[in-house]
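Each chain is listed here by its residues.
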Amino acid sequence: MLRMEKASNSVFANVALEFVRVTEVGAIAAARWIGKGDGKAADQASVDAMREYFNTIDFRGEIVIGEGAKDEAAELYVGEKLGTGNGPLIEIAIDPLECTDSVANGRPNAISVIATGPEGSLYRAADSYMEKLAVGRAAASVIDLDASVKDNIAKVAKALGKDISEVTVAILDRERHEGLIAEVRATNARVQLFTDGDVAMAIAACLRDSPIDILMGIGGSAEAVISAAALRTLNGEILCRWKPKDEKHVKRLNDAGVTDFSQILRTEDLARGNDISFIATGVITGPLVEGVTFIPEAITTHSIIMSTDPKTVRFIKTRHISNS
């Protein structure tokens, strides 16, 4: 039995390393559109490049979170099969370009990102919104999505050995968060607003040298699952609860079998079991990785791979040298 487990782990570890090349080509394709005002074109370029490379890899993959349902997206849609078809099934949650607006406008914090796991490991989240609360290892056991903002910040401050005035809360800069921002500021904690990219910010809350201590607010469900894959390695915690924005989203969730919007989902509900991996390559520099750089003879990418078995974090800097 032990030999079989080691063999299985080796398969997943090797594929995770292969997937770095997928995020690299996606990031490079998107980076060519930085600042050109067309986020859709940047996203499509990343999708095309990633899908093409996926299908050269010797594995059997299925998209569980992607660009939309089959009738909404021509490529990387939910349920699409990828790879040569060999080996154990690997589930894939993918965001070819997180922060399309950032790329369109030349703002920081854009990545090409994949989360993977064995069959049944990744939560198949319908495309909607979730309330989120994420912290790192030291505060993982003290947060409570039902507690007040004040109580959560006080408990996190104590767990981190900080004064409340030294705690920084990352919040997506949206009109819906005006009340939340006011509540955080009323505690005397710091607020760091960001325009896009709550995957990177959720992970930043888990990094020792990061200025971010907590992620709070409402964001996309796909990003919650992808974040959870990384937090499994970092021993962080993300708590989520469905917050559909309108009746259309309520119906979408009901059709997916979600009827209880009060249920709190934890990190291990979103990314279960062993052999979970998180792979990302920077498009534009953010708190997680540096962006793509172009010089006449080469392109440089910066990537990160996180794996749960064994728990490892690898940073990879790659120089892609031109043949001409």
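Our subject in this report is the structure included herewith. Note that the structure is a prediction, hence the values are computed from the model and not measured.

Cut-off values and rules
- Residues numbered from 1 in each chain as written.
- Predicted model: local features only at pLDDT ≥ 70, side-chain atom pairs only at ≥ 80, totals over all residues.
- Heavy atoms only, no water.
- Helix = DSSP H or I, 4+ residues; strand = E, 2+ residues; numbered from the N terminus.
- Rg over C-alpha atoms; globule rule 2.2 N^0.38 Å.
- Buried < 20%, exposed > 50% of the residue type's maximum accessible area, 1.4 Å probe, protein only.
- Contact = heavy atoms within 4.5 Å.
- Areas by Shrake-Rupley, 256 points an atom, 1.4 Å probe, with all protein chains shown as cover.
- Lys, Arg positive; Asp, Glu negative; His and termini not counted.
- Charge placed at Lys NZ, Arg CZ, Asp CG, Glu CD.
- Pairing = 2+ DSSP bridges.
- Axes fitted to C-alpha atoms, helices over the stretch in contact; angles between N-to-C directions.
- Polar contact = N/O pair within 3.5 Å; in protein donor to acceptor, adjacent residues only side chain to side chain.
- Phe/Tyr/Trp six-rings, centres within 6.5 Å; stacked < 30°, edge-to-face > 60°.

### Some words on the overall build of the chain
What the chain contains, in helices and strands, is nine helices and 13 strands. For 324 residues, the compact-globule formula gives about 20 Å, and the C-alpha radius of gyration of the chain, at 19 Å, lands near that figure. Considering only C-alpha atoms, the chain reaches an extent of 55 × 50 × 40 Å along its principal axes. For the chain, with 324 residues in total, the buried portion stands at 54%. Partitioning the intrachain contacts of the chain with sequence separation of at least 6 by distance along the chain shows that 69% fall at a separation of at least 24. Accessible surface computed for the chain: about 14700 Å², of which carbon and sulfur atoms make up 47%. Averaging the positions of the 36 positive and the 46 negative side-chain charges in the chain gives two centres separated by 3 Å.

### Focus on the sheet that holds strand S8 (residues 214-220)
Taken in spatial order, the five strands of this open sheet run S7-S6-S8-S5-S9, and their pairing is mixed. Only two strands of the sheet have a single neighbouring strand rather than two, namely strand S7 (190-194) and strand S9 (237-242). Neighbour-to-neighbour, the strand axes of the sheet open up by a mean angle of 20°, direction not taken into account. Bridge count between strand S5 (residues 129-135) and S8: seven bridges; the pairing is antiparallel. Looking at the pairing, Met130 lines up with Gly219 of S8. Relative to S8, helix H4 (residues 149-160) is tilted by about 135°, and along the sheet it contacts S5, strand S6 (168-172) and S8. Sheet strands touched by helix H5 (residues 178-186): S6, S7 and S8. Its angle to S7, the strand with the most contacts, is close to 150°.

### A closer look at the side chain of Thr300
Mapped onto the fold, Thr300 is located in strand S12 (residues 298-308). Within the structure, the side chain of Thr300 is placed 3.5 Å from the side chain of Arg319, a separation counted as a polar contact. Contact partners of Thr300, with chain neighbours within four places excluded, come to Gly291, Val292, Thr293, Lys317, Thr318 and Arg319.

### Here we look at the packing of aromatic side chains
Tallying each qualifying case throughout the model produces four aromatic pairs. Aromatic side chains Phe19 and Phe59 sit 5.1 Å apart centroid to centroid with 75° between the ring planes, which places their arrangement in the edge-to-face category. One end of the pair, Phe19, is in helix H1 (residues 2-31); the other, Phe59, is in the loop between helix H2 (39-54) and strand S1 (60-65), with 40 residues separating them in the sequence. Neither residue differs from the other here; Phe19 and Phe59 are each classed as buried. On the basis of an interplanar angle of 35° and a centroid distance of 6.1 Å, the ring pair of Phe54 and Phe59 is categorised as tilted. Taking the relative accessible area as the measure of exposure, Phe59 reaches 1% and is therefore buried. Clustering of aromatic rings is evident, with ring pairs tying together Phe19, Phe54 and Phe59.

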